[in-house]
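So the chains spell out like this:
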Amino acid sequence: MKTKENHRSKISLLITFLAIFAVLATIVSTVIALGSSDFFIKLSVGCFVILLFAMLYVYIYFFNKDLFKHKNRILLYTCIYIILMIVVVSMNRLPYLLIPIPIAGMLIAIMIDNRLGIMTNILLTIVGLLVSGNGIEFFLFYTISGTLSCLVITQAKKRNKIVFVSGYLCIVNIILVVLINLYQNGSFSDFNVTDLFYGVLNSIFSVIITIGSLPLWETLFDVSTPLKLLELTNSDQKLIQRLLLEAPGTYHHSQMVSNLAETAANDIGADALLARTGALYHDIGKLKNPMYFTENQDGVNPHDELDPAASAEIIINHVEYGVKLAIENHLPKTVRSIIKQHQGDTLVKYFYFKAKDNSDGFDVDENDFKYSGPKPQTNEAAIIMLADCTEAYIRSLPENKRNLSNIEKCIEEIINNKFAEGQLNECNLKIKELPIIGNSFMKVYNGLYHERVKYPDNKVGGNEVVDNNK
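Everything numeric in this text was worked out from a predicted model, so none of it was measured.

*Asks:* Break down the nonpolar core for me, citing the residues and quoting the values.
*Replies:* Judged by nonpolar contacts, the single largest core of 69 residues is most densely connected at Ile 80, Tyr 81, Met 111 and Leu 116. At the level of elements, helix H1 (2–34), helix H2 (39–63), helix H3 (71–90), helix H4 (102–111), helix H5 (114–132), helix H6 (136–153), helix H7 (161–185) and helix H8 (193–221) are the ones that each hand at least two residues to this core. Setting aside its immediate chain neighbours within four residues, Met 111 contacts Leu 76, Ile 80, Leu 214, Trp 217, Val 223 and Thr 225. Core analysis: the next-biggest nonpolar cluster, separate from the first, contains 53 residues, Tyr 251, Met 256, Leu 280 and Phe 441 among them.

*Asks:* Describe the environment of Ile 209, naming the residues involved and giving the relevant values.
*Replies:* Its location among the elements puts Ile 209 in helix H8. Separated by 106 residues in the primary sequence, Ile 209 and Ile 103 place their C-alpha atoms 7.4 Å from one another.

*Asks:* Quick one: what's the story with helix H18 (residues 433–449), residue by residue and with numbers?
*Replies:* When the terminal C-alpha atoms of H18 are compared, their 24 Å separation across 17 residues agrees well with the 24 Å that a helix rising 1.5 Å per residue should span. Residues of H18 that are buried include every one of Glu 433, Leu 434, Ile 437, Gly 438, Ser 440, Phe 441, Met 442, Val 444 and Tyr 445, and no others. Where H18 is buried, its residues meet helix H11 (248–268), helix H16 (379–396) and helix H17 (404–420).

*Asks:* Quick rundown of the pattern of salt bridges? Include the residues and the values.
*Replies:* A full pass over the atoms with the stated rule returns 14 salt bridges. With a shortest N-O distance of 3.1 Å, Asp 283 and Lys 286 are connected by a salt bridge. With respect to class, Asp 283 is no different from Lys 286; both count as buried. Through salt bridges that share partners, Asp 283, Lys 286 and Glu 295 make up one connected network.

*Asks:* I'd love a proper account of the state of the cysteines, names of residues and values included.
*Replies:* Among covalent bonds in proteins, the disulfide is the one between the sulfur atoms of two cysteines. Throughout the structure, instances matching the rule amount to zero disulfides. We note that Cys 389 lacks a disulfide partner, and the nearest cysteine sulfur, in Cys 410, lies 12 Å from it.

*Asks:* Summarise the UniProt feature "transmembrane region" (unreviewed entry) in the chain; cite the residues concerned and give the values.
*Replies:* UniProt's entry tags residues 12–33, 39–62, 74–91, 97–114, 121–142, 162–184 and 196–217 with the feature "transmembrane region" (unreviewed entry), counted in the numbering of this structure. Counting secondary structure, residues 12–33 comes out at 100% helix and 0% strand; the distance between its end C-alpha atoms is 31 Å. Secondary structure within residues 162–184 divides into 100% helix and 0% strand; the distance between the first and last C-alpha atoms comes to 33 Å.

*Asks:* Run through the packing of H11 against helix H12 (residues 272–281), naming residues and quoting values.
*Replies:* Running from N to C, H11 and H12 point in directions that differ by 160°, and their axes come no closer than 8 Å. Relative to H12, the element H11 lies roughly antiparallel. Crossing of H11 against H12: the hand is right-handed. Residues Ser 254, Gln 255, Val 257, Ser 258, Asn 259, Ala 261, Glu 262, Ala 265 and Asn 266 of H11 touch H12, and the partners they reach there are Ala 272, Ala 275, Arg 276, Ala 279 and Leu 280. Partitioned by chemical class, the residues of the contact of H11 with H12 number seven nonpolar, five polar and two charged.

*Asks:* Please set out the packing of aromatic side chains residue by residue, giving values where relevant.
*Replies:* The tally for this structure, following the rule as stated, stands at 17 aromatic pairs. Their ring planes at 50° and their centres at 6.1 Å tell us that Tyr 96 and Phe 138 sit as a pair that is tilted. Here the residue Tyr 96 occupies a position in the loop between H3 and H4, and Phe 138 occupies one in helix H6, the gap between them amounting to 42 residues. For Tyr 96, a relative accessible area of 15% translates into the label buried. For the pair Trp 217 and Phe 221, a centre-to-centre distance of 6.0 Å together with 25° between the ring planes defines the contact as stacked.

*Asks:* Can you tell me about the side chain of Asp 195, naming the residues and giving the values?
*Replies:* For Asp 195, the location among the structural elements is in helix H8. Buried and without a salt bridge, Asp 195 has Arg 93 as its closest oppositely charged side chain, separated by 17 Å. For Asp 195, the contacting residues outside a window of four places in its chain are Leu 97, Val 177 and Asn 181.

*Asks:* Let's hear about the packing of H2 against H5: which residues, and what values?
*Replies:* Where H2 meets H5, the closest approach of the two axes is 11 Å, and the angle between their N-to-C directions is 175°. Considering the angle they form, H2 stands roughly antiparallel to H5. Contacts between H2 and H5 involve Phe 48, Leu 52, Met 55, Leu 56, Tyr 59, Ile 60 and Phe 63 from the former and Arg 115, Leu 116, Met 119, Leu 123, Ile 126, Val 127 and Leu 130 from the latter. Here the contact of H2 with H5 is built from residues that sort into 13 nonpolar, no polar and one charged.

*Asks:* Outline the environment of Ser 254, supporting the account with residue identities and numerical values.
*Replies:* Within the secondary structure, Ser 254 is located in helix H11. Expressed as a C-alpha distance, the spacing of Ser 254 and Ala 387, which sit 133 residues apart in the sequence, is 9.7 Å.

*Asks:* Provide a residue-level description of a nonpolar patch on the surface, including the pertinent values.
*Replies:* Together, Tyr 57, Val 58, Tyr 61, Phe 62 and Phe 63 make up a nonpolar patch on the protein surface, roughly 550 Å² of accessible area in all. If you trace the backbone, Tyr 61 turns up in helix H2. When its relative accessible area of 35% is taken as the criterion, Tyr 61 is described as partly exposed.

*Asks:* Break down the confidence of the model for the chain for me, citing the residues and quoting the values.
*Replies:* When pLDDT is averaged along the chain, the result is 89, and 93% of the positions lie at 70 or above. Confidence drops under pLDDT 50 across residues 462–470; counting only partners more than four residues distant or on other chains, this segment forms 16 contacts.

*Asks:* How would you sum up the side chain of Asn 121? Please name residues and give values.
*Replies:* Among the secondary structure elements, Asn 121 is positioned in helix H5. Overall, the relative accessible area of 0% leaves Asn 121 in the buried class. Those residues in contact with Asn 121 that lie beyond four places of it in its chain are Ile 101, Pro 102, Tyr 142, Thr 143, Gly 146 and Thr 147.

*Asks:* An account of unusual backbone geometry is requested, with residue identities and associated values reported.
*Replies:* With omega at 5°, the peptide bond leading from Gly 373 into Pro 374 counts as cis. One can find Pro 374 in the loop between helix H15 (349–357) and H16. Of note in the backbone geometry, Asp 222 takes a positive phi value of approximately 50° without being a glycine. Tracing the backbone shows Asp 222 in the loop between H8 and helix H9 (226–232). Backbone geometry at His 330 places phi at a positive 60°, although glycine is not the residue there. Checked against the element boundaries, His 330 lands in the loop between helix H13 (308–328) and helix H14 (333–341).

Criteria and cut-off values
- Residues numbered from 1 in each chain as written.
- Predicted model: local features only at pLDDT ≥ 70, side-chain atom pairs only at ≥ 80, totals over all residues.
- Heavy atoms only, no water.
- Core = buried A, V, L, I, M, F, W, Y, C linked by side-chain atoms within 4.5 Å.
- Buried < 20%, exposed > 50% of the residue type's maximum accessible area, 1.4 Å probe, protein only.
- Helix = DSSP H or I, 4+ residues; strand = E, 2+ residues; numbered from the N terminus.
- Contact = heavy atoms within 4.5 Å.
- Expected span 1.5 Å × (residues − 1).
- Salt bridge = Lys/Arg side-chain N within 4 Å of Asp/Glu carboxyl O.
- Disulfide = S-S within 2.5 Å.
- UniProt positions renumbered as here; feature names shortened; annotations may be inferred.
- Axes fitted to C-alpha atoms, helices over the stretch in contact; angles between N-to-C directions.
- Parallel < 35°, antiparallel > 145°, perpendicular 65-115°, else oblique.
- Left-handed = near helix turned anticlockwise from the far one by under 90°.
- Nonpolar A, V, L, I, M, F, W, Y, C, P; charged D, E, K, R; others polar.
- Phe/Tyr/Trp six-rings, centres within 6.5 Å; stacked < 30°, edge-to-face > 60°.
- Lys, Arg positive; Asp, Glu negative; His and termini not counted.
- Patch = residues over 30% accessible without salt bridge, like charges linked within 9 Å, V, L, I, M, F, W, Y side chains within 5 Å.
- Areas by Shrake-Rupley, 256 points an atom, 1.4 Å probe, with all protein chains shown as cover.
- pLDDT = per-residue confidence, 0-100.

Okay, structure coming up:
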């Protein structure tokens, strides 16, 4: 408890320091860029900056409060803002259409939140307006172009979509330049073709710099972007290949868990791509001793020769080894957290009760048979915990009991048990979302265990009869 409080106090101090630093850096930069000796002009600019940051803080507090919990995201946000603010202020004497304001919004939209990206774009647009002396055309262009950039850039989850995004923003910028010229001049007689070139150049280079710099931000601040997560879901990834070859049962289990988790995350509005990726890697720790896990066994169970405490230790250690493998293979922090949290601090019941049966009246310490935790801290980690338990339990059912009615009861029981055990207490899942998750799991199992149409028997190769329903 004290560790959590210390962590929160450190983050609070960091937020305060970075906020003061960002405000002061903005005030100093804008005042220098203005070049005015008038005290009241400087004072008014400083007050405008403070009000803008107050607006941003209120927005984050009410609509993006989770940002305050992540030190690396706070650092990332501040770093992007300060770099782009300095760029915007230093380029204020150039033609306004060349200033790359949308880059900040697009980077934040991809790596943190697109609404926060839009707010940051508006903030930088007003800062640029204060120091450039441009009029309404500056504000209109960057408010509209920057907002659409933040919304569209999130679609660039695949490399082949980058061309589409660039093309779309080029068209938007061309339309804006034409409308602004028409608004200013009242006709096309004084239309400046150079403005069109600048507008197109702005959109293309903004997208190229945004996408091209993502690996740098990912490495420096240990954040996971949609592009990075998609890359990790490819079947040719080293760890996924190892699972397929060394622990095929775990590989197929993880694939099924990823389908369950992705469907549930979509249905409750969580990060479906993160849930899918985290599920694919949640059990990579089983690569250490694959044959000690039921799904990889072929009729021989090595636990039969072990003490229950030793067996439990092997099972429990797959989480720590999974985290170790994730660090060695540079998986993002969000995925490492899911690996760490997907079992919470649950009890390895089978070996605990087996140890009690063999204890001859001696006490058995329950803590020796518990995972080290922590409990799931995010909705995605909680969904994966539920999907993992569900898939493992249903896989263990006899074939004749794997019908939809039994599966539905199992899912409901597993979710209720995890809730009753307090495993979902530290994430943001709402009680009303638990039945939605259960229904999502059922959607997947409906596709697997639906009633098949009975086909007539076919004769193959003359007299041999094959029953299509077997």
